[in-house]
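Structural description and commentary
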Amino acid sequence: MLLQQLINGISVGGIYALLATGYALIYSLLGFSNWAHGEVAMLGAYIGILSVTSLQMPFLFAVILAVVGAGLISVFNEKIAYKRIRDNNSPTMFLMIAAMGLSTTFQNMAIVVFGPKFKMFPQILPVGAVKIGSLSVGLLDLVSLGIVIVVIIGLQYLITKTKFGLAVKAASSNMGTASLLGINVDKYIMLVFFLAGSLAGISGVLYGMKYTVYPQLGNVALKAFIASVFGGLGSVQGAIVGAMGIGLLETLVSAYIHSGLRDLITFILLIAILLFRPTGLMGKDIQDKA
Amino acid sequence: MSGYVEGVIILVCINVIAVLGVSILTGFTRLFSFGNAGFMAIGAYASAILTTKYGAPFPVALVVGPIIAAIAALGLGKLTLKLKGDYFLITTLGFGESIRLLFLFAEPITGGARGLSGIPPKTTLFIAIGITVLAFLGAWNFLRSKYGRNLMAIREQEIAAEAVGIDTAKFKEYSFMISAAYAGMAGALLAHYYMFISPIMFNLPKSAELTITVVIGGLGSLSGSVLATILLTVLPEVFRSAAEYRMLLYGLAVVVIIVLKPSGLMGYREFSLRPIFKLYERIFKKNDPTQTKGDGK
């Protein structure tokens, strides 16, 4: 029973992890929490579901479209809002307000355009469970966990082993110096937004397949955000660990305490972390936190 | 006056009170909060429970609601106001959602998701307008007192404010408490106007809406906040058929304003009739030769 719950927790945590890494990437670079991130995931899920149901595309193609589409929406946000605010030399706080505005806009746009109804992904994978001893694991959970692991390993490689990762690290430690050293900072910011957006797109599709697709789907990003705070804002590894932790905590609380307390305990955890260890598990910068 | 118009005016008044609170906090102290709907919920539930379950008179409920909200802000502020920027905002967000979920969970006291009904309809047009005027004058005078100017000093440069001897922690705390008390008052009036409250009325979008209104009105203008509230409450009533576009347009408005004109409708200026008088005077003097010639100076 406990083992079963742990597996459920990890599978939910994996979806949070994809979103949380996006938060972490953008925070580490620009120092603000991109509230519109959840809505990027939501729009990605809609692109996926509409490509499959309305346009009758093959599933794999629809997923690719959703991932690329979500990435482009994320870049679009950066181009029309965040970049201009940075160029205006406005306070960092304005980035967050703009992100909040974008999030409100996208969520309500989805209600107007797609309607408030819940949409189901058509059955792609057979509904089945894999029996491992006394445990039964949903096939979808297993596949999504596999995707999450592959994506996270790929991301880790990208950050630690490639020129892209090095440039992003340089830019996040000091944007001015990085650009003096010949790094095209704006290009890398754009690429990071694309990367974060595509990760959000994957998580949106996975979440939509596990549950349903609806305009408020983006609110799930709040959990991912808490996960990235838990792991330490700006730390990608921390975000992954934090997301798994939140996923486990939620499943355990709803299984053993009360499902009505699930979100409450998550939020209380958020406040407690910020009070006692604002750097989270793996965060570094404590300059503007304490 | 028809009941409908009266209802809209009462709604404007309630929103103005809540927005004034956010304006003091965000516009004048530059602390962003996503939890003011939580304080509204505290005020609404505290006052409604007092009048329905304990039979307390309405004025008592109107005083106790905001006080409890302010006490909650005192507690939260003591813990979180030392955090900066994003982090403070996140804790207020967590607080607002926690309050909502707590009221949702505490079913025996609050009625849970089904809400609390049977609240006496005590919020009349007269009371709503009276309290709004008092709230505005209170905020106006507070901001022009020594306390208010200290808040503005914190807004402009926190380190400099501290250097000239302002106890920034204490004044941020005041600002936060006043903002919570205003939210609590709005909540108490709301409960006794709708006669029914449920946790969903005080969710994150409600907090966001309050902040959006202040940003549109201008970060640093009380009358701008009032103007924006009236605009954002009355326009959706006029364009009822486009109701579903309401929040979409709010979101767009915030993005456009923060990108193109971050000072909002009014900026740091307050609404006054003086420019209108001046304009009138200029036109009047031009058209009336006796005025310009016969001034005799």
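Look above for the structure.
What comes next concerns the included structure.

Looking now at the pairing of strand β1 (residues 129-132) of chain A. All names here are of chain A. Relative to strand β2 (residues 135-138), β1 runs antiparallel, the two sharing four bridges. Opposite Ala129, over in β2, you have Gly138 as the bridge partner. Linking β1 to β2, which pair antiparallel, is a turn of two residues; within it Gly133 sits at a positive phi near 60°.

One non-glycine residue, A:Gln56, lies in the positive phi region at around 55°. For B:Met195, which is not glycine, the phi dihedral falls at a positive 65°. Along the polypeptide, B:Met195 turns up in the loop between α9 (168-194) and β2 (196-197). In this structure B:Met195 comes out as partly exposed when scored by relative accessible area, which is 37%.

All names here are of chain A. Within the structure shown, the criterion is met by 14 salt bridges over all chains. Between Asp186 and Arg86 there is a salt bridge whose closest N-O contact spans 3.8 Å. Of this pair, Asp186 sits in helix α8 (residues 185-210) while Arg86 sits in helix α3 (residues 59-87), and the two are 100 residues apart along the sequence. Take Asp186: its relative accessible area is 33%, and that puts it in the partly exposed class.

Attention now moves to the interface of chain A and chain B. Taken together, the contact between chain A and chain B spans 42 residues of the former and 38 residues of the latter. Taken together, the links from chain A to chain B amount to zero salt bridges. Summed over the shared surface of chain A and chain B, the number is three residue pairs in polar contact (both at pLDDT 80 or more). Only α3, α4 (92-114), α9 (221-231) and α11 (262-276) of chain A provide two or more residues apiece to the side of chain A that touches chain B. When residues in the side of chain A that touches chain B are grouped by element, the largest group, 13 residues, is from α4(A).

Next up on the list: the nonpolar core. Counting residues in hydrophobic clusters, the biggest one holds 183 residues, and the most contacted among them are A:Trp35, A:Tyr82, B:Phe39, B:Ile197 and B:Phe202. Setting aside anything within four residues of it in sequence, one finds B:Phe202 in contact with B:Ala37, B:Met40, B:Ala41, B:Ala44, B:Tyr45, B:Arg100, B:Leu190 and B:Ile197.

All names here are of chain A. Mapping Leu281 onto the fold places it in the segment after α11. Along the chain, Leu281 and Ser228 lie 53 residues apart, while their C-alpha atoms are 9.6 Å from each other. Ignoring anything within four residues of it in the chain, the contact list for Leu281 reads Phe230, Gly231, Gly232 and Val241.

Criteria and thresholds
- Residues numbered from 1 in each chain as written.
- Chains lettered and ligands numbered in written order.
- Predicted model: local features only at pLDDT ≥ 70, side-chain atom pairs only at ≥ 80, totals over all residues.
- Heavy atoms only, no water.
- Pairing = 2+ DSSP bridges.
- Helix = DSSP H or I, 4+ residues; strand = E, 2+ residues; numbered from the N terminus.
- Buried < 20%, exposed > 50% of the residue type's maximum accessible area, 1.4 Å probe, protein only.
- Salt bridge = Lys/Arg side-chain N within 4 Å of Asp/Glu carboxyl O.
- Contact = heavy atoms within 4.5 Å.
- Polar contact = N/O pair within 3.5 Å; in protein donor to acceptor, adjacent residues only side chain to side chain.
- Core = buried A, V, L, I, M, F, W, Y, C linked by side-chain atoms within 4.5 Å.

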